[in-house]
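Single-letter residue listing:
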Amino acid sequence: MEKELVVVIDFGGQYNQLVARRVRECNVYCEIYSYKTDLSKIKEMRPKGIILTGGPSSCYEEGAAVCSPELFAMGIPVLGLCYGAQVMSFLLGGDVARAKVREYGKTDVDVDTSSRLFEGVSPHTVCWMSHFDYIARMAPGFRAVAATENCPVAAAECAEKQLYAIQFHPEVLHTAEGAKMLYNFVRNICGCSGDWRMDSFVEESIKGIREKVGKGKVLCALSGGVDSSVAAVLLSKAVGDQLTCVFVDHGLLRKNEGDEVEAVFGPEGNYKLNFIRVNVQNRFYDKLAGAQEPEKKRKIIGEEFIRVFEEEAKKIGSVDFLVQGTIYPDVVESGLGGESVVIKSHHNVGALPDCVDFKEILEPLRDLFKDEVRKVGLELGIPEHLVFRQPFPGPGLGVRIIGEVTSEKVKIVQDADAIYREEIANAGLDRELNQYFAALTNMRSVGVMGDERTYDYAVALRAVNTVDFMTAEAAQVPWEVLQKVAGRIINEVSHVNRVMYDVTSKPPGTIEFE
Ligand code: XMP
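Residues numbered from 1 in each chain as written. Predicted model: local features only at pLDDT ≥ 70, side-chain atom pairs only at ≥ 80, totals over all residues. Heavy atoms only, no water.

Engineer: What is the right way to look at the overall build of the chain in this model?
Structural biologist: Secondary structure assignment for the chain yields 14 helices and 18 strands. With the C-alpha coordinates of the chain rotated into their principal frame, the extents come out at 90 × 55 × 40 Å. A buried classification covers 54% of the 514 residues belonging to the chain. By sequence separation, contacts in the chain at least 24 residues apart represent 74% of the contacts at least 6 residues apart. As presented, the chain carries roughly 23,200 Å² of accessible surface, and 49% of it is formed by carbon and sulfur atoms. In the chain, the 58 positive side-chain charges and the 74 negative ones have mean positions that sit 2 Å from each other. (Helix = DSSP H or I, 4+ residues; strand = E, 2+ residues; numbered from the N terminus. Buried < 20%, exposed > 50% of the residue type's maximum accessible area, 1.4 Å probe, protein only. Contact = heavy atoms within 4.5 Å. Areas by Shrake-Rupley, 256 points an atom, 1.4 Å probe, with all protein chains shown as cover. Lys, Arg positive; Asp, Glu negative; His and termini not counted. Charge placed at Lys NZ, Arg CZ, Asp CG, Glu CD.)

Set out below in structure tokens:
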């Protein structure tokens, strides 16, 4: 049976991947293609439906991003969203014009529930608007099926030709019933049966990787983090021992983490891959000796990491493919994604390729969000403690020790952090908090232990709640939990006589404590 596919045509809007994600949530497979893709290629894929995304252009301007008008004559349902809705109207003979004011934010909308697009949706609902241009006159054959106070054509349809246009963004969660609208489109209007699941993603990826890699050699830098672990396992399932994973233990990992990674991926683990653990802890401590300043430490760690990886790659000889655990948010942030504009450059993407001789990069997770990567991880049988690991920065504990990094300080922060994590898990908070860790301040102060005077370090505990890691709130960890952690750290970790809790949000703080 032919696989049901919905094609998402990307015009460069910020929410485009969300469109694909919402379609996947309807258990329908979809792929994203640039608006520049040849119509013949799209026809060959025989999609069940097409969705046109938002985008930054004005469709009536010279050189604007537009698709071929023939797309609307293929006899398959098409849904235009925001800019996509305008492009559809414009190309089919309607008028699109610039409004006097931009309509932005949550907006009340009245929808005509006799439209198949709005079946089961409340007649008065809330949508997310973000546009300057608007559909001033609908294309012939269309009727308006939604309106807001400022936007008379918030949605339009030509049901006979199965063409639908929505000015707002159903893919954004602020559109209260947006998921239902997209469901109506892909399941009811396009008639997709909804038989696609995450296990299909795994199957498809493995098949695709095998075809691409053939008998080639594949190299992967494994950090033990969620993304690189899932990418490595996917690759190992696809090409087995054609894959070599290099795990650099720079001595700045959390307590026992190096051994945990080795237990899963090494010779005793479940996977048939070549696993190389490079124990270069002292090499990193030597390089870091004397460095106080956070940026300097980050630079040293980053450069040394590349050097070690390069040395290992040389030992392996020429490789054909380099695996990167890039996921969708990295793609958007580094501006690599489809037609989207650059938001910020990410610290990890792109650092390694320069030091390895290879033909092509493999990024099997580049279309997935973090929670989807985790689902794939579980699907692949990766242990839960790895799949649900909280984020951990590339430079590791190097950015959780204020001032100079030494092996003694690493041990202190590892032990304190292990206690903190254990107690957070005991309190059942480990899946609730988005990130939490212990950091070692460079401050020593006077204390008293038994009858002795002490002069030791202060450990800082941090826990944050955040959606996107760009902003964060300090979490309200219960006092009893904090007291228990503080008591245990002082009793069990030498050279610590004070424990503090960081209540700073981001901004003005950052999540890490460096
Ligand atoms: P900040 O400290 O900037 O951190 O608020 C935001 C998120 O990014 C993580 N982080 C990093 N992740 N390499 C990474 O892979 C890095 O160099 C790095 N620095 C910070 C941090 O742990 C938090 O989740």
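Engineer: How should I be thinking about the packing of aromatic side chains in this particular structure?
Structural biologist: Aromatic ring pairs are reported here in terms of the distance separating the ring centres and the angle at which the planes meet. Overall, the coordinates contain 8 aromatic pairs when judged by the stated rule. Both rings, one in Phe 11 and one in Tyr 35, keep their centres 5.6 Å apart while their planes meet at 15 degrees; by these two values the pair is stacked. Here Phe 11, found in the loop between strand S1 (5-10) and helix H1 (16-25), pairs with Tyr 35, found in the loop between strand S2 (29-34) and helix H2 (39-44); they are 24 residues apart in sequence, far enough to count as distant. The class of Phe 11 is buried, set by a relative accessible area of 2%. (Phe/Tyr/Trp six-rings, centres within 6.5 Å; stacked < 30°, edge-to-face > 60°.)

Engineer: Can you walk me through H1 in this structure?
Structural biologist: Owing to its 3.6 residues per turn, the α-helix aligns residues three or four sequence positions apart on the same side. Burial analysis of H1 places 8 of its 10 residues in the buried class, the great majority of the element. Of all the residues in H1, the buried ones are Asn 16, Gln 17, Val 19, Ala 20, Arg 21, Arg 22, Val 23 and Arg 24. Positive phi appears at Asn 27, one or two residues downstream of H1, with a value of about 60 degrees.

Engineer: Help me understand the side chain of Arg 488 in this model?
Structural biologist: With respect to the helices and strands, the residue Arg 488 is situated in helix H14 (residues 479-492). Contacts of Arg 488, omitting those with residues within four sequence positions, involve Ile 419, Glu 422, Glu 423 and Val 493.

Engineer: I would appreciate a short explanation of the pattern of salt bridges in the present structure.
Structural biologist: Should the charged atoms of two oppositely charged side chains come close, the side chains can pair. Tallying each qualifying case throughout the model produces 33 salt bridges. Among the ionic pairs, Glu 157 bridges to Arg 143, the shortest N-O distance being 3.0 Å. Of this pair, Glu 157 sits in strand S8 (residues 155-158) while Arg 143 sits in strand S7 (residues 143-147), and the two are 14 residues apart along the sequence. Residue classification places Glu 157 among the buried residues on the basis of a relative accessible area of 6%. The class of Arg 143 is partly exposed, set by a relative accessible area of 33%. Across the salt bridge formed by Glu 514 and Arg 298, the nearest N and O atoms sit 2.9 Å from each other. One end of the pair, Glu 514, is in the segment after strand S18 (496-501); the other, Arg 298, is in helix H9 (residues 294-316), and 216 residues separate them in sequence. Residue class for Glu 514 comes out partly exposed when judged on its relative accessible area of 35%. Sharing partners across several salt bridges, the network here consists of Glu 422, Glu 423, Lys 484, Arg 488 and Glu 492. (Salt bridge = Lys/Arg side-chain N within 4 Å of Asp/Glu carboxyl O.)

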